[in-house]
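Chain and residue survey
Residue strings, one per chain:
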Amino acid sequence: MKLSEAFETFYNEKEKALKVYNCKQLENYKLTWNNRKSSFGLAYFSKPEIQLSRPLTLTHSTEHVTDTIRHEIAHVIAFFIYGDRGHGKYWKEVLLKLGNKEANRTGKAEVLLDRKWTLVYLDERNQLIKISMHSRKLKNLSSRYIKNNKKTLGRLYLVLTKDFKLYEANKLNISNINLYQD
Ligand SMILES: [Zn+2]
């Protein structure tokens, strides 16, 4: 998403939130940028500032960025109205009211996204089963297997997370995915 569009979205979402919540402090909040890649968004309580990662904003969809903006706005409201600092009950309640569909992906906004690789198991029917996500390539995969599941031996691969997402959405066929195993 373009930064200018993210700005616009931030102010729109803030206006919408202020219609639902009478949160004086939120009125002063502005959007600023950082260059982090390990976290997408950050809400300060000590100064009226929500920060987004410039590189992650530029490389993610409008929907994803909007979700992150609401996630951070919900932190501000949950803190100033309910004294809730983390991803607690009030934060979740606020987030759902602001329009996010799920409030349970708590790590989504803050910790994320450098997990370039997805570890998968290629099952007997040649389907990819997701095991976990990683920021670095795993080594010696050909001799590894999932604990208590020896049939995964030799059938563990890394795929690019972005490819795996397309595969999950039926937009990319397995024959067009690079499977890495070394
Ligand atoms: Zn959060």
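Residues numbered from 1 in each chain as written. Predicted model: local features only at pLDDT ≥ 70, side-chain atom pairs only at ≥ 80, totals over all residues.

**A few points about the overall build of the chain**
Stated formally: A run of H or I in DSSP counts as a helix once it spans at least four residues, and a run of E counts as a strand once it spans at least two, with each numbered from the N terminus. Buried residues are those with 20 or more other C-beta atoms within 10 Å of their own C-beta, exposed residues have 12 or fewer, and partly exposed residues lie in between; C-beta atoms are placed from the backbone. Whether two residues are in contact depends on their C-beta atoms, placed from the backbone: they are in contact if these lie within 7 Å.
Broken down by element type, the chain carries 7 helices and 6 strands. Counted from the first residue to the last, the chain has its helices and strands arranged as α-α-β-β-β-α-α-α-α-β-β-β-α. Per-residue burial over the chain gives 27% buried out of 182 residues. Pairs at least 24 apart in sequence give 49% of the contacts found in the chain among residues at least 6 apart.

**Topic: the domain arrangement of the chain**
To keep things clear, this is the line we draw: The domain boundaries here were taken from an automatic or database domain assignment.
Domain boundaries assigned for the chain yield domain 1 (3-107) and domain 2 (115-176). If you average the C-alpha positions of domain 1 and of domain 2, the two centres end up 33 Å apart.

**Structural notes on unusual backbone geometry**
Residues other than glycine seldom take positive phi values, yet asparagine 126 does so here, at roughly 60°. Among the structural elements, asparagine 126 can be located in the loop between strand S4 (117-122) and strand S5 (128-134). At asparagine 148, a position not held by glycine, the phi torsion is positive, near 65°. Secondary-structure assignment places asparagine 148 in the loop between S5 and strand S6 (156-160).

**A few points about the nonpolar core**
Selection rule: By our criterion, buried Ala, Val, Leu, Ile, Met, Phe, Trp, Tyr and Cys residues that link up through C-beta atoms within 7 Å make up a nonpolar core.
In terms of nonpolar packing, the biggest core is built from 22 residues, with Ile73, Ala74, Val76, Ile77, Ala78, Val94 and Leu98 touching the most fellow members. At the level of secondary structure, the elements contributing two or more residues to this core comprise helix H1 (3-20), strand S3 (49-53), helix H4 (62-82) and helix H5 (89-98). In terms of residue count, H4 provides more of this core than any other element does, 8 residues in total. Excluding its chain neighbours within four sequence positions, the residues that come into contact with alanine 74 are Trp91, Val94, Leu95 and Leu98.

**What to know about the packing of H1 against H4**
The condition is simple: Each axis is a line fitted through C-alpha atoms, and for a helix only the stretch in contact is used; angles between axes span 0 to 180 degrees, taken between their N-to-C directions. What sets the label is the angle itself: under 35 degrees gives roughly parallel, over 145 gives roughly antiparallel, 65 to 115 gives roughly perpendicular, and the rest give oblique. Throughout, a crossing is termed right-handed when the near helix is turned clockwise from the far one, and left-handed when it is turned anticlockwise from it by less than a right angle. When residues are grouped by polarity, Ala, Val, Leu, Ile, Met, Phe, Trp, Tyr, Cys and Pro land in nonpolar, Asp, Glu, Lys and Arg in charged, and all others, Gly among them, in polar.
Viewed as axis vectors pointing N to C, H1 and H4 meet at an angle of 40°, and their least axial separation amounts to 10 Å. Compared by their axis directions, H1 and H4 come out oblique. Here H1 and H4 pass one another in a crossing that is right-handed. Between H1 and H4, the contacting residues are Ala6, Thr9, Phe10, Glu13, Lys14 and Ala17 on the first element and Val65, Thr66, Ile69, Arg70, Ile73 and Ile77 on the second. For the contact of H1 with H4, the per-class residue count stands at 7 nonpolar, 2 polar and 3 charged.

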